[in-house]
Amino acid sequence: MSRVDLLHSLRSQLPSPSRRGEIDCDRARRLLDDYLEYRLRKRDRRLFETHIAGCPRCAPWYAHELRARPALEHHLRLALGASVRSVSLSPAAGARITQSAQASVRRGIWLNRAMIAGRLLAGAVSAILLAAGLVYLLNWVWRLPQATTTPAGTGEILSSSQGTQPLPAPAGVAWDGVLEPGELFPGESFAPAQLLVDAPSGQSQPLTYGLLLFEPGLLQTGEAFTTTLLVRNEQDQPFPVSQVNLDIEGPQRSYHFELAVSDPLPAERVSALRITPGSLAEASQERYQVSPDQIIDTPGVYTIRVTLFHAVTVPAP
Amino acid sequence: MARLIASSSVAAQEQVGAALIRRCQQGDELAIEALVQRYQNYVYRLCYLVMRNEQDAEDMTQETFIRACRALPRFEIREGVSFEAWLYRIAVNCCRSRMRRKWYQVVPWQRLGFGERIAANAEDRPERVVLRDEQRGQVLKAIDKLGEKHRLVIILRYYADLSNEEIAQVLNIPSGTVRSRLHTARWRLRELLTAAGLVEEGTEAGPAAQRGGEPLAVGKLGAV
């Protein structure tokens, strides 16, 4: 017999395939439990009944099921029920269980209260964190750098700001080599000032302190000056610095310069950032129509503020 | 009318049960005592059917009520959630965790002195009692031959009288799985009990098929 003939012969022995609106014997038998428990939808119920009524194989099977199944269920109920009918807890055991249940409910009530209190606390903490995050986000969106004002020529000037600033200034400045205290400026000593730079993760990074120096130390009117920022990076990895701003408030005019910083602050070193008259020349000419030596033009008190921006990556909300 | 009375009585019973549970949730000790008394023997017998050991069944009953009462303040009384099913679920979980221990052995029914245990009515004739006990023993022996998962659905259905949905809640499985397990368990039991002569043989090779039994009319089917 060829393979095709064999397949044909096997197929002819199978029940006829179900046509639309009919079910076959296998499906009818699978539906029996649901039919007897009134779980079939109206359409399936009708299909089942039509099939049983018209199928010479399934009709006797169904009739048998109607007799045998209740008998089986009856035997099961009787046997299981009878096997435990005389089994019951002793009064002493019942009392013990009641006592432990009462104690357990009391514990459960306390546990429930503790859980509610915990949830409230967690909710409050979440709300505070959310509010803090919102403030942080708004601050980042509006880019409000927090700057520290220092008197000219002294004090710590380094501060952090949130957010990544675009680099507006075409001409940038670079870290001027690696310095050690005392090497470049004999007689000057660092007064260590620990600075905490807020990181977006909420952990502060203790990394730097700064010193602002001016050359020459005593300015005369009409004299250009160089601002040198000494910064120590105490971390074992470079610290990303993207921009430095120089704000000068004089008795008559105020100046604002934004300069890009080309390299990160080297690790575990003191580095100098020099803002020379040359690096201010283009910006001061374009914006204020003055040359750097005209910035200090009248005697008086000048407040110079240097703000260092570090690049941060704000995690996606 | 009888149906109406029955359903309203069930509803009333459910209301009483809900009120009792609410009082228990507030820590009312008398209510807890009433709740334990109401359900302790149901739980104990279920544990006994699963564990086959009185001491273990007692321990598991105690454990069930301890766990249930601890979780009771968080139990939500609402439609479609059965307290009995919830309690049975805890009981079944307690029994299962005990049975998972390596040393645990389920004692087969025949070793329990079954005939002595189900003491017959005084009016029953001794030979009938023996015959009936023997039949019941065979049924229990057949149930024993099922695997644990099939045995549990049979116990929950035919002893605890839970619906498929309630069994699904107890065992934490879909109700379709419950139906399938019940179907398989019933077929296996039928095979075993047919061999023992307690249940009629199947139709394919059995007497009904051989006699060419009359198909039932569709009209009659609806009344089943």
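This one's a predicted model, so the numbers in the text were calculated from it and none came from an experiment. (Residues numbered from 1 in each chain as written. Chains lettered and ligands numbered in written order. Predicted model: local features only at pLDDT ≥ 70, side-chain atom pairs only at ≥ 80, totals over all residues.)

## Examining the overall build of chain B
What counts here: Only DSSP runs of H or I reaching four residues or more are called helices, and only runs of E reaching two or more are called strands; each is numbered from the N terminus. Two residues form a contact once the distance between their C-beta atoms, set from the backbone, is within 7 Å.
Assigned secondary structure in chain B consists of eleven helices and zero strands. The order of α-helices and β-strands along chain B, N terminus first, is α-α-α-α-α-α-α-α-α-α-α. Expressed as a percentage of contacts within chain B between residues at least 6 apart in sequence, the contacts between residues at least 24 apart total 60%.

## A closer look at the overall build of chain A
Worth spelling out the cut-off: With C-beta atoms placed from the backbone, a residue counts as buried when 20 or more other C-beta atoms lie within 10 Å of its own, as exposed when 12 or fewer do, and as partly exposed for counts between those limits.
Of the regular secondary structure elements, chain A holds six helices and ten strands. Taken over 317 residues, chain A has a buried fraction of 25%. Restricting to contacts in chain A with at least 6 residues of sequence separation, those with at least 24 account for 67%.

## Looking at the interface of chain B and chain A
Put simply, the rule reads: Note that Gly is not counted as nonpolar here; it falls among the polar residues with everything else outside the nonpolar set of Ala, Val, Leu, Ile, Met, Phe, Trp, Tyr, Cys and Pro and the charged set of Asp, Glu, Lys and Arg.
Each partner contributes to the interface: chain B provides 56 residues, whereas chain A provides 49 residues. For the side of chain B that touches chain A, the secondary-structure elements that each account for two or more residues are α2 (29–51), α3 (54–71), α6 (126–144), α7 (148–158), α9 (175–195), α10 (207–211) and α11 (218–221) of chain B. When grouped by side-chain class, the residues that make up the side of chain B that touches chain A number 32 nonpolar, twelve polar and twelve charged.

## What about the confidence of the model for chain B?
Residues and elements named next belong to chain B. For clarity, the cut-off: Scored between 0 and 100, pLDDT is the confidence that the predictor attaches to each residue.
Residues with a pLDDT of 70 or more make up 68% of chain B, whose mean pLDDT is 74. This stretch, residues 115–120, has a pLDDT under 50; its non-local contacts, to residues over four places away or in other chains, come to eleven contacts. Note on residues 203–224: pLDDT under 50 across the span, and 35 contacts to partners over four residues away in sequence or across chains. Across the interfaces of the predicted complex, the ipTM metric reaches 0.73, alongside a pTM of 0.51.

## Digging into the pairing of strand β8 (residues 254–261) of chain A
Residue and element names in this part refer to chain A. Rules: If DSSP finds at least two bridges between two strands, the strands pair.
Pairing of strand β7 (residues 241–249) with β8, which is carried by seven bridges, proceeds in the antiparallel orientation. Residue pairing in the sheet places E249 in a bridge with S254 of β8. Here β7 folds back onto β8 in antiparallel fashion, the turn holding four residues.

## Concerning the packing of helix α4 (residues 83–99) of chain B against helix α8 (residues 164–171) of chain B
Residues and elements named next belong to chain B. Counted only if it meets this: Helix axes are fitted only over the stretch in contact, all axes being lines through C-alpha atoms; the angle between N-to-C directions runs from 0 to 180 degrees. These descriptions rest on fixed angle ranges, namely under 35 degrees for roughly parallel, over 145 for roughly antiparallel, 65 to 115 for roughly perpendicular, and the rest for oblique. Working rule for handedness: look at the near helix, and if it is turned counterclockwise from the far one by less than a right angle, call the crossing left-handed; if clockwise, right-handed.
Packing of α4 against α8 leaves a shortest axis separation of 8 Å and a crossing angle of 40°. Judged by the inter-axis angle, α4 sits oblique to α8. Note on packing geometry: the crossing formed by α4 with α8 is right-handed. Taken together, the residues of α8 that come into contact with α4 (itself represented by A85, Y88, R89 and V92) are E166, Q169, V170 and L171. When its residues are assigned to classes, the contact of α4 with α8 shows five nonpolar, one polar and two charged.

## Quick notes on helix α4 (residues 58–85) of chain A
Side chains three or four residues apart in an α-helix point the same way, a direct result of the helix having 3.6 residues per turn. Rule in force here: Multiplying one less than the number of residues by 1.5 Å gives the expected span of a helix. Fitting one axis to the seven residues ending at a residue and another to the seven starting there, the bend at that residue is the angle between the two axes.
With 28 residues, α4 of chain A extends 39 Å between its outermost C-alpha atoms, agreeing within 8% with the 40 Å of an ideal straight helix rising 1.5 Å per residue. Bending of α4 of chain A peaks at approximately 25° at the position of E65 of chain A.

## Description of unusual backbone geometry
Located in the positive-phi region is Q289 of chain A, a residue other than glycine, with phi close to 55°. Here Q289 of chain A is to be found in the loop between α6 (277–288) and β10 (303–310). Owing to 8 C-beta atoms within 10 Å, Q289 of chain A belongs among the exposed residues under this scheme. If you check the backbone angles, R52 of chain B has positive phi at about 65° while not being a glycine. Relative to the helices and strands, R52 of chain B is located in the loop between α2 and α3.

## What about helix α2 (residues 25–36) of chain A?
Along its twelve residues, α2 of chain A runs 16 Å from first to last C-alpha, staying within 8% of the 16 Å computed at 1.5 Å per residue. One or two residues past the end of α2 of chain A sits Y38 of chain A, with phi positive at roughly 55°.

## Side note on the nonpolar core
As a reminder, the rule being used: Nonpolar cores are built from buried Ala, Val, Leu, Ile, Met, Phe, Trp, Tyr and Cys residues. These are joined into a set through C-beta atoms within 7 Å.
Formed by 60 residues in total, the largest nonpolar core has its most connected members in L46, C47, A91, I155 and L156 of chain B. Per-element tally for this core: the top contributor is α2 of chain B, with twelve residues. If sequence neighbours within four positions are ignored, L156 of chain B has contacts with Y88, L162, I167 and V170 of chain B. The next biggest cluster of nonpolar side chains, apart from the first, holds 25 residues, and it includes V244, I248, F257 and F309 of chain A.

## Here's the deal with the packing of α8 of chain B against α9 of chain B
Two numbers describe a pair of packed helices, the interaxial angle and the distance between the axes. Residue and element names in this part refer to chain B. For the pair α8 and α9, the least separation of the axes is 8 Å and the interaxial angle reads 105°. By the angle class used here, α8 and α9 are roughly perpendicular. Residues N164, E165, I167 and A168 of α8 form the contact with α9, whose participating residues are S175, V178 and R179. Residues of the contact of α8 with α9, tallied by class, amount to three nonpolar, two polar and two charged.

## Regarding the confidence of the model for chain A
Residues and elements named next belong to chain A. On average, residues of chain A score 72 in pLDDT, and 68% of them are at 70 or above. Low pLDDT, under 50, characterises residues 7–19; the stretch is placed with five contacts to residues that sit more than four places away or in other chains. Counting interchain partners and residues more than four positions distant, the pLDDT-below-50 stretch residues 144–171 has 72 contacts.

## Details of the environment of R74 of chain B
Structurally, R74 of chain B is set in the loop between α3 and α4. The sequence separation of R74 of chain B and Q25 of chain B amounts to 49 residues, and the corresponding C-alpha distance is 8.2 Å.

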